[in-house]
Amino acid sequence: MNIDIFAKRFTALSRLQKQIIMIIADALMLQIALWSAFSLRFGEWYLPNQSVVWLFVLAPIVALPIFIKFGLYRAIIRYIGFHALWAVIQSVTLYALVWAVVALLSKIEGVLRSITLINWMMAILLIGGSRMVARWWFADMFNSASAVGKSARSNVVIYGAGSAGMQLATGLSHSREFKPVAFIDDKVELHHHHIQSLRVYPFAQLGQMIETMKVHEVLLALPSASRSRRNEIIALLESYSVRVRTLPGMAEMAQGRVKIEDIREVTIEDMLERDLVAPNLELLHTNIKGKAVMVTGAGGSIGSELCRQIVKLKPAVLILFEQCEYALYSIDKELAWHNIGLEIIAILGSVQDSERLAQVVSAYGAQTIYHAAAYKHVPMVEKNPVEAIQNNIIGTWQAAEVARARGVETFVLISTDKAVRPTNTMGATKRFAELVLQGLAKKINSSDVGANYRTRFCMVRFGNVLGSSGSVVPLFHEQISRGGPVTVTDPNITRFFMTISEAAQLVIQAGAMGQGGDVFVLNMGEPVKILDLAKKMIHLSGFEVKDDDHPKGDVEIQFTGLRSGEKLYEELLIGDNVRPTDHPLIMCAEEDLLPWESIVGFLNELDAASKAHDQEKIRSLLIDAVAGFKPQCGIEDNLYKQRKDHRDSNMHLLIP
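This text gives an overview of the structure that appears in the document.

The rules behind the values
Each chain carries its own residue numbering, running from 1 in the written order of its sequence. In keeping with the predicted nature of the model, local features appear solely for residues at pLDDT of at least 70, side-chain atom pairs appear and are counted solely at 80 or more, and the whole-chain, interface and lining totals rest on all residues. Side-chain descriptors were evaluated using all non-hydrogen atoms of the structure, hydrogens and water having been removed beforehand. Only buried residues count toward a nonpolar core. Its members are Ala, Val, Leu, Ile, Met, Phe, Trp, Tyr and Cys residues joined through side-chain atoms within 4.5 Å. Buried means the residue's accessible area, taken with a 1.4 Å probe over protein chains only, is under 20% of the maximum for its type, while exposed means over 50%, and partly exposed covers the values in between. Only heavy atoms enter the contact rule, under which two residues are in contact if any of them lie within 4.5 Å. Salt bridges are defined as contacts in which a side-chain nitrogen from Lys or Arg sits within 4 Å of a carboxyl oxygen from Asp or Glu. Segments assigned H or I by DSSP are reported as helices when at least four residues long, segments assigned E as strands when at least two residues long, and all are numbered from the N terminus. Only strands that DSSP links by at least two bridges are regarded as paired with each other. What counts as an axis is a line fitted to C-alpha atoms, over the stretch in contact for a helix, and the angles between N-to-C directions run from 0 to 180 degrees. Each patch is built from residues lacking any salt bridge and having more than 30% relative accessible area; the joining distance is 9 Å for like charges and 5 Å for nonpolar side chains (Val, Leu, Ile, Met, Phe, Trp, Tyr). Reported accessibility uses the Shrake-Rupley method at a 1.4 Å probe radius. Residues are deemed covered only where the shown protein chains occlude them. Positive: Lys, Arg. Negative: Asp, Glu. His and the chain ends are not part of the count. A single reference atom marks each charge: NZ on Lys, CZ on Arg, CG on Asp, CD on Glu. The term polar contact refers here to a pair of N or O atoms within 3.5 Å; inside protein, the definition further demands a hydrogen-donor-capable atom paired with an acceptor-capable atom, and it admits residues adjacent in sequence only when both atoms are side-chain atoms. Note on aromatic pairs: the rings of Phe, Tyr and Trp (six-membered ring only in Trp) are paired at centre separations within 6.5 Å, and the planes decide the class, stacked below 30 degrees, edge-to-face beyond 60, tilted for the rest.

1. Describing the nonpolar core
Soluble, globular proteins show a tendency: their nonpolar side chains are buried together. Ranked by size, the top nonpolar core spans 53 residues in total, and within it Met294 and Phe432 carry the most contacts. Discounting chain neighbours no more than four positions away, the residues touching phenylalanine 432 are Ile393, Ile599, Phe602, Leu603, Leu606, Ala625 and Val626. By size, the runner-up hydrophobic cluster in this structure holds 44 residues, among which are Leu320, Cys458, Leu522 and Cys588.

Structure representation (structure tokens):
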């Protein structure tokens, strides 16, 4: 019978049938080991006499129960590793000792002490060696059968020859997708040595390895490296036409062995993340621990991440307030799955409904509100300014008034860098929402209301967050997966970026520092050029940018021009009057505000103009109310245009 056919038939057997075959094979190996021990000791082909035969019979009787107890028949042969071999050594040693005691006590002539030692060594060699041969044989057969030849597996280099790298190499030896061919490590003392039959190279030889070994991917096995070091390595890998994947960091990895499933794509988040500043635990807990916390816009990108961070801080109850049914269902299901025992209340509603807001805040006694509900997609808001007025401005006003009237302790508005010297309707509405809270805070602080009954209003302003619904990153991912082109509005456009989890954590800490009317600004680091961002994402996906210098590249970048209301760069501060806080990444800006009487006047006029769908009036009011608002485009409201076109087309009916 062909050996490969036998192997395939063996793998098709049931687990019990395989275990029986292994037991029979081990019994045979024990006989061979014992016979070899006698033969080697006497230097001839040994033929046992009648008095010694029963010791051969005794060998499997003693050994097999011990092997079963040590789990030698529970291991899957093609995945057998060091722990299984250690179990073989332990069980064989115990068997050899028991057999030796019986054999020596029997005082049978010709059974020498040295035979027991040789028997032990031969048994380990045959029992353990047979398993390693079977492991290699079946694993190789399995990989060959599962892939379309060896060429179907991608040759990969593992960056990091430490514990994680070695565990990953072991796991990849059974992979249908990856074939490890070498290690790269920064430690000079490891260079040109072999670990698990793979040679360790310095990074400088990567280019040569790509050519000679046909390397397609580099897997980063550096879970304990700092983010800055990982970023340096990823930046170095950008110039090579290889796909880069990584294991998660230590904070993300679960306990246990490194698994192939832990490998993930290197994302742009890995490139832009900074080394984390340890959070101030007191600030994190101040407004949340043991309190009733409410998040408006809880199903959005920022709102949902706030909820994830909040549940870790053990509030008494978390109220999810969201107008999108599916978004509310998704975040409610996610939080409930991981936070059994915590009371989570899912409320479907709009911040434009003040009565609904008041009922919810009163019913559950909300003490802290994070107001994340807003329309924030610049082009969409530019085309639908009426809804932006009602949601971003009137909705914020109503939510703040409800919080004040119902004795909410802290109200935190999630703002944006686009509120600074805005050039679009979204930014203008968010800046006016800030003015509303600043005005309310000043009104409260100047009143005779006791300090214990004052709602502390504050706002937190930051730039783009990676992974949000409005982020450019998901769009680039989609375009690259389609083969391009990747669309960038302008070669010089820049943006601030921060990971969504870091932004949410800083929002919570900033809110705890608010005294009333504070405008907190998050330190977003250095602005990122969007063109560079696009190039990095193309390179990290294993492709080359197609341009005049590289006409045979894979993915082209096209420039589409700035969109309606879009700026080349964003700012976080209106003026230069800023002071530090207790947190190194949070600043407090001192900015001009409007008297409350003026704000109320603007609010009433904006409300009336939006309900009348008077676009010219809305634009005029925003220009008057928001200092520095310089619209870059005309009125784009879809409904307004339709009404205007309809009116113009029917003007002849009005002519007598």
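2. As for the pattern of salt bridges
In a structure, side chains of opposite charge can pair up when their charged atoms sit close to one another. Applying the stated rule across the entire model yields 14 salt bridges. For the salt bridge of glutamate 217 with arginine 245, the shortest nitrogen-to-oxygen distance reads 2.8 Å. You can see glutamate 217 sitting in strand β5 (residues 217-220) and its partner arginine 245 sitting in strand β6 (residues 243-246), a full 28 residues away along the chain. In this structure glutamate 217 comes out as buried when scored by relative accessible area, which is 7%. Since its relative accessible area comes to 11%, arginine 245 is described here as buried. A salt bridge links aspartate 417 to lysine 418; its shortest N-O distance comes to 3.9 Å. Owing to a relative accessible area of 12%, lysine 418 belongs among the buried residues under this scheme. The network of salt bridges with common partners includes Glu305, Arg308 and Glu334.

3. Some words on the sheet that holds strand β12 (residues 410-414)
Strand order in the open sheet formed by 9 strands is β10-β9-β8-β11-β12-β13-β18-β23-β22, with mixed pairing between adjacent strands. Looking along the sheet, the strands with just one partner apiece sit at the ends: β10 (343-348) and β22 (578-580). Strand after strand, the sheet turns through a mean of 25° between neighbouring axes, direction not considered. Looking at chain direction, β12 and strand β13 (residues 456-461) are connected through 5 bridges and run parallel. Bridge pairing links isoleucine 414 to valine 460 in β13. Contacts from helix α12 (residues 325-338) reach β9 (317-322) and β10, with the element oriented near 175° to β10.

4. Re a negative patch on the surface
The grouping of Glu544, Asp547, Asp548, Asp549 and Asp554 at the surface amounts to a negative patch. By secondary structure assignment, the location of aspartate 547 is in the loop between β20 (545-546) and β21 (555-559). Taking the relative accessible area as the measure of exposure, aspartate 547 reaches 32% and is therefore partly exposed.

5. Section: the side chain of glutamate 401
Mapped onto the elements of the fold, glutamate 401 is located in helix α15 (residues 385-405). At 2.8 Å, the side chain of glutamate 401 forms a polar contact with the side chain of arginine 404. The residues touching glutamate 401, leaving out its near neighbours within four places in the chain, are Leu440 and Trp596.

6. Section: a nonpolar patch on the surface
Together, Trp54, Phe70, Leu94, Val98 and Val102 make up an exposed nonpolar region whose accessible area comes to about 370 Å². At 3 residues, helix α4 (residues 82-106) tops the list of elements feeding residues into the nonpolar patch. Residue class for tryptophan 54 comes out partly exposed when judged on its relative accessible area of 39%.

7. Section: helix α11 (residues 301-311)
The α-helix winds at 3.6 residues per turn, so residues separated by three or four positions along the chain end up facing the same way. Counting buried residues in α11 gives 10 out of 11 residues, a clear majority hidden from the surface. For α11, the full list of buried residues reads Ser301, Ile302, Gly303, Ser304, Glu305, Leu306, Cys307, Gln309, Ile310 and Val311.

8. A closer look at the packing of aromatic side chains
A complete count under the given rule lists 6 aromatic pairs for this structure. Ring geometry for phenylalanine 432 versus phenylalanine 602: centroids 6.3 Å apart, planes at 85°, classification edge-to-face. In this pair, phenylalanine 432 sits in helix α16 (residues 425-445) while phenylalanine 602 sits in helix α20 (residues 596-611), placing the two residues 170 residues apart along the sequence. With respect to burial, phenylalanine 432 and phenylalanine 602 carry one shared label: buried.

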